[in-house]
Amino acid sequence: MNEPENPPVLAQVAPRYLVGGGDPRWVTAPLQKAFRWQPAHIPLSPVVRLTRRDRQAELLLSPDPDEHWWTLHHAGTTAGEKAWTMRFGARTPAEIIAAATDALTTGPADSAADPMQVLLQAGWKRSVLEHQISSPDGFVIVSRHPLGALHIEVTAHDGPWTSEPTARTAWRAFVSDHTPPHLAAAVLDGMVSTEPLLRDEKAMAPFLRYSVRIARERVPAHRAEYALWDRVDRLAAHRTGTPLPPQQPGRSLPRRTR
């Protein structure tokens, strides 16, 4: 008689900018289910396109090994808001991208006029170049251009720790000028958070595992599914103004908030 298989479990991994892409539904499910963004019908295609109902904003997930996989674009408004774009590479954690889409859909929030202050307040340091700030571990460099655009580059060690490890690019992101500051700040806030994210270790890119910390405690995989739909419910309640009861025991994930 076959022995029962052990239920799948997820690891708690940090720093969060090196954990890999994760579940893309963390971004797409709230937009479609809670905020009623309309999906484009693209038969037999891996491309996902969601458009806001006023057609001024669009999220595109296009698996392309040579380009950014995620693009969030706003066309601007007749009231004078200029167009802007955010692009993220394939291994950008979905939770970090979701920080931007959450900030877009739930409205402006109080945040620093200069998004780079998020990094400085978290203890990140200016590089030799005044317009660059790097993470304490040296794996992330955020560059700001004179007009306000941001470039993010995340690297990891391509091999075990040695005296001279080789750096390999994990992912890149671009935030164009005219992007509302609270959206850029939300992305950076998602990066500096010290809370781990849940990942399947076997699904992580091997080179990322050399540069992360993995907690011993494991979490049943089904709880990630519960957390996803609890997230959708709560964002839907925010949109409609309907209060929700406190999270039920066993439905939330430890240290999952951003």
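Basis of the calculations
Residues numbered from 1 in each chain as written. Predicted model: local features only at pLDDT ≥ 70, side-chain atom pairs only at ≥ 80, totals over all residues. Heavy atoms only, no water. Helix = DSSP H or I, 4+ residues; strand = E, 2+ residues; numbered from the N terminus. Buried < 20%, exposed > 50% of the residue type's maximum accessible area, 1.4 Å probe, protein only. Contact = heavy atoms within 4.5 Å. Areas by Shrake-Rupley, 256 points an atom, 1.4 Å probe, with all protein chains shown as cover. Pairing = 2+ DSSP bridges. Axes fitted to C-alpha atoms, helices over the stretch in contact; angles between N-to-C directions. Patch = residues over 30% accessible without salt bridge, like charges linked within 9 Å, V, L, I, M, F, W, Y side chains within 5 Å. Salt bridge = Lys/Arg side-chain N within 4 Å of Asp/Glu carboxyl O. Lys, Arg positive; Asp, Glu negative; His and termini not counted. Charge placed at Lys NZ, Arg CZ, Asp CG, Glu CD. pLDDT = per-residue confidence, 0-100.

(A) Here's a closer look at the overall build of the protein. Across its full length, the protein holds 5 helices and 13 strands. Going through the 258 residues of the protein one by one, you find that 43% of them count as buried. Looking at the protein alone, contacts between residues at least 24 apart form 61% of all its contacts between residues at least 6 apart. Taken as a whole, the protein presents about 14,200 Å² of accessible surface, with 52% of it coming from carbon and sulfur.

(B) Up close: the sheet that holds strand 8 (residues 132–134). Spatially, 2-3-4-5-6-11-10-9-8-7 is the arrangement adopted by the 10 strands of the open sheet, whose pairing is antiparallel. Of all the strands in the sheet, just strand 2 (38–39) and strand 7 (125–126) have a single pairing partner and so form its edges. Pairing geometry for strand 2 and strand 3 (residues 48–51), over 2 bridges, is antiparallel. Opposite Gln38, over in strand 3, you have Thr51 as the bridge partner. Where helix 2 (residues 94–106) meets the sheet, it contacts strand 4 (57–61), strand 5 (70–74), strand 6 (84–88) and strand 11 (167–175), and its direction lies at approximately 15 degrees from that of strand 5.

(C) Region of the structure containing the sheet that holds strand 13 (residues 213–220). One open sheet holds the 3 strands; their spatial order is 12-1-13, and the pairing between them is antiparallel. Of all the strands in the sheet, just strand 12 (197–199) and strand 13 have a single pairing partner and so form its edges. Taken pair by pair, the neighbouring strands of this sheet meet at an average axis angle of 40 degrees, ignoring direction. When strand 1 (residues 9–14) meets strand 12, the two strands line up antiparallel, connected through 3 bridges.

(D) Structural detail: a positive patch on the surface. Together, Lys33, Arg36, Arg53 and Arg239 give the surface a local cluster of positive charge. One can find Lys33 in helix 1 (residues 25–34). Given the relative accessible area of 47%, Lys33 is considered partly exposed.

(E) Broad picture of the environment of Gly22. Examined against the element boundaries, Gly22 turns out to sit in the loop between strand 1 and helix 1. Placed 175 residues apart in sequence, Gly22 and Leu197 show a C-alpha to C-alpha distance of 9.0 Å.

(F) Highlighting the confidence of the model for the protein. When pLDDT is averaged along the protein, the result is 88; 88% of the residues meet or exceed 70. Scored below 50 in pLDDT, residues 248–258 makes 30 contacts in the model with residues more than four places away or belonging to other chains.

(G) Structural detail: the pattern of salt bridges. Following the criterion strictly, the structure yields 11 salt bridges and no others. A salt bridge links Arg25 to Glu225; the shortest N-O distance between them is 2.7 Å. Linking Arg25 in helix 1 with Glu225 in helix 5 (residues 222–240), this pair joins segments that are 200 residues apart in sequence. The class of Glu225 is partly exposed, set by a relative accessible area of 31%. The shortest N-O distance in the salt bridge between Arg199 and Glu95 comes to 2.7 Å. Here Glu95 lies in helix 2 and Arg199 lies in strand 12, a separation of 104 residues in the sequence. No difference in accessibility class separates Arg199 from Glu95, as the two residues are buried. Via salt bridges that share partners, Asp23, Arg25 and Glu225 belong to a single interconnected network.

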